[in-house]
Number of protein chains: 2
Amino acid sequence: MLRTQFEEELNKLHNQFYSMGTQVSAQVNKAVRAFVSHDRDLAEEVIEEDQQVNDQETKLEKKSLEMIALQQPVSHDLRTIITVLKASSDLERMGDHAVSIAKATINLKGEERIHIVEADISLMGERVKSIVDASLNAYIQGDADRAREIASWDDTVNQMYGEIQNKTLTAMEENKETITTGKDYLMTIIYLERIGDYAKNLCEWIVYLKTGKIVEL
Amino acid sequence: MLRTQFEEELNKLHNQFYSMGTQVSAQVNKAVRAFVSHDRDLAEEVIEEDQQVNDQETKLEKKSLEMIALQQPVSHDLRTIITVLKASSDLERMGDHAVSIAKATINLKGEERIHIVEADISLMGERVKSIVDASLNAYIQGDADRAREIASWDDTVNQMYGEIQNKTLTAMEENKETITTGKDYLMTIIYLERIGDYAKNLCEWIVYLKTGKIVEL
């Protein structure tokens, strides 16, 4: 294969990864909106679209493996492919967690809500989505310093997690009608927190892509 | 590098991966035992040992990437390395979840227990550990058929998850003193269920290793 043809394939891979990332980010956003606005139709959409996310991961994995096997790339080219190969799983799992949030939305059957907690979950969702988007931007710009910075934002998510957990538990103790709903709130914030973790993993792969170093951020 | 020397490195990588797997399996086992026997010292051990698991993952990733870059392996050799590169993250996350269970153990501060649920969590933990161990055995034996079979066991874990969740919620509704503990039970079973998912991912990589096919089990 000609060098230019290989470069074209590499560029395509890079763009497809980014495109998968934006779709996953949209899924996270939709799942949180569906949850806080009790929109079961929107939640169903998230569940349906997950197959596309899974298909994209499989496609990226296959393509990456094929390029490594057939082209035997080195240095930055190899790192570009490895990043896609590794980080596509992180994206896929963010998508899985969006589905879990969507399923929690569908589970809620008119039970007692805790409005103050739902408002907080909405904020936490926005925060997590902004971290996912910032990570994807750092990826597309190949900005390792920015990736390191974004990884540190995860602390605010953990803080939100702790606060929402406490508020939910207090509400559950005060009114047992909120116990089932509260359980779904607790699940949802675990999933959001994990999505933040996966974004951090993506940041680690951006650092690797630019520097060749495996780091733990 | 001589072919035999490369083969030796490959074999070493394979063994190191398996060794990381057995350590992670031990961490899962310990975390569940600590949780159900309220053993905070044992939980602390799990948290301390996690650094070793993380270090092993980093080492395996570095070694895999180095071998791909320097040796440009093909076919089964390449797949062996790719499997380690990808599945080491699954092992590392199983370890993370063992830590989360250990943290839940430490959080529990003499709150009201629900003994019947703890017995079930113990069983679920054993089930998950047996799936992790079976996956590792399938890996070491390179048995793709067995890997496919093991992946299907995940259904029983999901069933246990549903049952324990319902029992926990009922107990929380009946006695609000159990709400904080119940929350930790709910978290613990999410983590166990996720560990089962990661074992399923490992099974998918075993199928790839033997057949070259990317599958979703």
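Residues numbered from 1 in each chain as written. Chains lettered and ligands numbered in written order. Predicted model: local features only at pLDDT ≥ 70, side-chain atom pairs only at ≥ 80, totals over all residues. Heavy atoms only, no water.

**Q** So what's going on with the overall build of chain A? Residues and values would help.
**A** Regarding its fold elements, chain A presents 7 helices and 0 strands. Put simply, chain A runs from its N terminus to its C terminus through helices and strands in the order α-α-α-α-α-α-α. For chain A, the C-alpha radius of gyration of 19 Å lies close to 17 Å, the compact-globule estimate for 217 residues. When the backbone C-alpha atoms are referred to their principal axes, chain A occupies close to 65 × 35 × 20 Å. Out of the 217 residues in chain A, the part that is buried amounts to 58%. Long-range contacts, defined as pairs at least 24 residues apart, comprise 81% of the intrachain contacts of chain A with a sequence gap of at least 6. Put simply, chain A shows about 8,800 Å² of open surface, and 46% of that area lies on carbon and sulfur atoms. Between the mean site of the 25 positive side-chain charges and the mean site of the 38 negative ones, chain A shows a separation of 4 Å. (Helix = DSSP H or I, 4+ residues; strand = E, 2+ residues; numbered from the N terminus. Rg over C-alpha atoms; globule rule 2.2 N^0.38 Å. Buried < 20%, exposed > 50% of the residue type's maximum accessible area, 1.4 Å probe, protein only. Contact = heavy atoms within 4.5 Å. Areas by Shrake-Rupley, 256 points an atom, 1.4 Å probe, with all protein chains shown as cover. Lys, Arg positive; Asp, Glu negative; His and termini not counted. Charge placed at Lys NZ, Arg CZ, Asp CG, Glu CD.)

**Q** Explain the packing of aromatic side chains to me, using residue names and the numbers behind them.
**A** Under the defined criterion, the tally for this structure stands at 6 aromatic pairs over all chains. Look at Trp205(A) and Tyr208(A): their rings are 5.2 Å apart centre to centre, the planes differ by 80°, and that puts the pair in the edge-to-face class. Here Trp205(A) pairs with Tyr208(A), and both are found in helix α7 (residues 179-211), just 3 residues apart, close to one helical turn. The same class applies to Trp205(A) and to Tyr208(A), which are both buried. Taking 5.8 Å as the distance between ring centres and 75° as the angle between the ring planes, the aromatic pair formed by Phe35(B) and Tyr185(B) counts as edge-to-face. Of this pair, Phe35(B) sits in helix α1 (residues 3-36) while Tyr185(B) sits in helix α7 (residues 179-211), and the two are 150 residues apart along the sequence. Under the relative-accessibility criterion, Phe35(B) is labelled buried at 0%. Exposure remark for Tyr185(B): the relative accessible area of 0% places this residue in the buried category. (Phe/Tyr/Trp six-rings, centres within 6.5 Å; stacked < 30°, edge-to-face > 60°.)

**Q** Provide a residue-level description of the side chain of Ser25(B), including the pertinent values.
**A** All names here are of chain B. Mapped onto the secondary structure, Ser 25 falls in helix α1. Among the residues examined, Ser 25 registers a relative accessible area of 3% and is labelled buried. Among all residues touching Ser 25, those that are not within four sequence positions of it are Lys 129, Val 132, Asp 133 and Leu 136.

**Q** Could you give me a rundown of the environment of Thr178(B), with the residues and numbers involved?
**A** Residue and element names in this part refer to chain B. Considering the arrangement of structural elements, one finds Thr 178 in the loop between α6 (154-174) and α7. Linking Thr 178 and Tyr 191, residues 13 residues apart in sequence, is a C-alpha distance of 20 Å. Ignoring any residue separated from it by four or fewer positions in sequence, one finds Thr 178 in contact with Glu 112, Ile 114, Ala 171 and Met 172.

**Q** Just give me the short version of unusual backbone geometry, but keep the residues and values in it.
**A** Residues and elements named next belong to chain A. Positive phi, normally seen in glycine, also occurs at His 38, with a value near 55°. Tracing the backbone shows His 38 in the loop between α1 (3-36) and α2 (40-71). With a relative accessible area of 30%, His 38 lands in the partly exposed category.

**Q** Pulling in residues and values, what's your account of the packing of helix α5 (residues 144-152) of chain B against α7(B)?
**A** Residues and elements named next belong to chain B. Orientation of α5 relative to α7, taken along the N-to-C sense of each, is 160°, at an axis distance of 8 Å. Our classification of the angle between α5 and α7 gives roughly antiparallel. Seen from above, α5 lies across α7 with left-handed handedness. In contact with Ala 144, Ala 147, Arg 148, Ile 150 and Ala 151 of α5, α7 contributes Lys 200, Cys 203, Ile 206, Val 207 and Lys 210. (Axes fitted to C-alpha atoms, helices over the stretch in contact; angles between N-to-C directions. Parallel < 35°, antiparallel > 145°, perpendicular 65-115°, else oblique. Left-handed = near helix turned anticlockwise from the far one by under 90°.)

**Q** How would you summarise the nonpolar core if you had to cite specific residues and measurements?
**A** Judged by nonpolar contacts, the single largest core of 149 residues is most densely connected at Ile68(A), Ile82(A), Ile68(B) and Ile82(B). Sequence-distant contacts of Ile68(B), that is, excluding residues within four places in its chain, are made with Ile68(A), Leu78(A), Ile82(A), Pro73(B), Leu78(B), Ile81(B), Ile82(B) and Leu85(B). (Core = buried A, V, L, I, M, F, W, Y, C linked by side-chain atoms within 4.5 Å.)

**Q** I'd like a rundown of the packing of α1(B) against α7(B), residues and numbers included.
**A** All names here are of chain B. Where α1 meets α7, the closest approach of the two axes is 12 Å, and the angle between their N-to-C directions is 160°. Taken as axis vectors, α1 and α7 run roughly antiparallel relative to one another. Relative to α7, α1 is oriented so that their crossing is left-handed. For the pair α1 and α7, the contacting residues are Phe 17, Val 28, Val 32 and Phe 35 in the first and Asp 184, Tyr 185, Thr 188, Leu 192, Ile 195 and Leu 202 in the second. Within the contact of α1 with α7, the residues separate by chemical class into 8 nonpolar, 1 polar and 1 charged. (Nonpolar A, V, L, I, M, F, W, Y, C, P; charged D, E, K, R; others polar.)

**Q** Now, about α7(A): what can you tell me, with residues and values included?
**A** Taking 1.5 Å per residue as the helical rise, α7(A) with its 33 residues ought to reach 48 Å, and the 48 Å between its terminal C-alpha atoms agrees with that figure. Among the residues trailing α7(A), Gly212(A) stands out with phi positive, at a value near 80°. (Expected span 1.5 Å × (residues − 1).)

**Q** Go over the interface of chain B and chain A, please, and point to the residues and values.
**A** On the side of chain A, 41 residues touch chain B, which itself brings 42 residues to the contact. Both sides of the chain B and chain A interface together cover about 3,600 Å² of buried area, and 59% of this is carbon and sulfur. Where chain B touches chain A, the interface holds 4 salt bridges. In this structure, Glu61(A) and Lys86(B) form a salt bridge, with 3.1 Å as the shortest nitrogen-oxygen distance. Between chain B and chain A we count 16 residue pairs in polar contact (both at pLDDT 80 or more) in total. Secondary-structure elements contributing two or more residues to the side of chain B that touches chain A are α2 (40-71), α3 (75-107), α6 and α7 of chain B. (Buried area = accessible area lost by both parts, 1.4 Å probe. Salt bridge = Lys/Arg side-chain N within 4 Å of Asp/Glu carboxyl O. Polar contact = N/O pair within 3.5 Å; in protein donor to acceptor, adjacent residues only side chain to side chain.)

**Q** Any chance you could break down the UniProt feature "domain: PhoU" (unreviewed entry) in chain A for me, citing the residues and the numbers?
**A** All names here are of chain A. Feature annotation in UniProt places "domain: PhoU" (unreviewed entry) on residues 19-104 and 121-206, given in this structure's numbering. When the span residues 19-104 is considered, its composition is 93% helix and 0% strand, and the gap between its end C-alpha atoms is 26 Å. Taken as a whole, residues 121-206 contains 92% helix and 0% strand, while its terminal C-alpha atoms sit 28 Å from one another. (UniProt positions renumbered as here; feature names shortened; annotations may be inferred.)

**Q** Describe α5(B), with residues and values.
**A** Residue and element names in this part refer to chain B. Taken together, the buried positions of α5 are occupied by Ala 144, Ala 147, Ile 150 and Ala 151. Each buried residue of α5 lies within a common arc of 115° when the element is viewed along its axis, so the set occupies one face. Backbone nitrogen of Asp 145 and a side-chain oxygen of the N-cap are separated by 3.3 Å at the start of α5; the cap is Asp 143. (Arc of directions from axis to C-beta.)

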